[in-house]
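# Structural features, examined
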Amino acid sequence: MLDHTHYRQMTDEQLKQVTGGHQLPKNLLTLRTGAQLSRRALAEKLNVCTSTIARYEEGKRVPDVDLIIQMAALFNTTCDRMLK
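Now for a description of the structure that goes with this document. The model shown is predicted, which means the values in this text are computed figures rather than measured ones.

Reading the values: the criteria
- Here, residues in each chain are numbered from 1, in the same order as that chain's written sequence.
- This being a predicted model, a pLDDT of at least 70 is required before a residue's local features are given, and a value of 80 or more before pairs of side-chain atoms are given or counted; all residues contribute to the totals for chains, interfaces and linings.
- No hydrogens and no water enter the side-chain calculation; it runs on all heavy atoms of the structure.
- Convention adopted: a line fitted to C-alpha atoms gives each axis, helices being fitted over their contacting stretch, and angles between N-to-C directions are expressed from 0 to 180 degrees.
- Here a strand is any run of E in DSSP of at least two residues, a helix any run of H or I of at least four, and the numbering for each starts at the N terminus.
- The sense of a crossing depends on the near helix, which, turned anticlockwise from the far helix by less than a right angle, makes the crossing left-handed and, turned clockwise, makes it right-handed.
- Pairs of residues are marked as contacts when any of their non-hydrogen atoms sit within 4.5 Å.
- Residues are grouped as follows: Ala, Val, Leu, Ile, Met, Phe, Trp, Tyr, Cys and Pro are nonpolar; Asp, Glu, Lys and Arg are charged; all remaining types, including Gly, are polar.
- Note on classification: 1.4 Å probe, protein chains only; a residue is buried when its accessible area is under 20% of the maximum for its type, exposed when over 50%, partly exposed between these limits.
- Directions pointing from the helix axis toward each C-beta atom define the arc.

The next subject is the packing of helix α4 (residues 39–46) against helix α6 (residues 65–74). Running from N to C, α4 and α6 point in directions that differ by 115°, and their axes come no closer than 11 Å. Seen from above, α4 lies across α6 with right-handed handedness. Here L42, K45 and L46 of α4 lie close against α6, whose contacting residues are L67, Q70, M71 and L74. Looking at side-chain class alone, the contact of α4 with α6 contains five nonpolar, one polar and one charged residues.

In structure tokens form, the structure reads like this:
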């Protein structure tokens, strides 16, 4: 399992390789709905636009490493769980 420090040191390209067809969209949706948060509520907690959360969940965009770490902390999980 990789810790938060390791993820912070990765480039975007390395992150894509590690996640290789990452499961972030599905996992984010599952975690968000499990926490009974709307996209808007999650966006406010992460200080991003609601449409950004939608793009993450649709797999159209990948959050940067710091935001993945922030989401993992918010959902009381690990970065590995968010991505795999």
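Okay, back to it.
As a further point, take α4. Those residues of α4 lying buried are L42, A43 and L46. All buried residues of α4 lie within an arc of 100° about the axis, which places them on one face of the element. Structural note: α4 exposes R40 and E44 on the side pointing more than 90 degrees away from its buried face. In this structure, the buried residues of α4 make contact with α3 (24–34), α5 (50–58) and α6.

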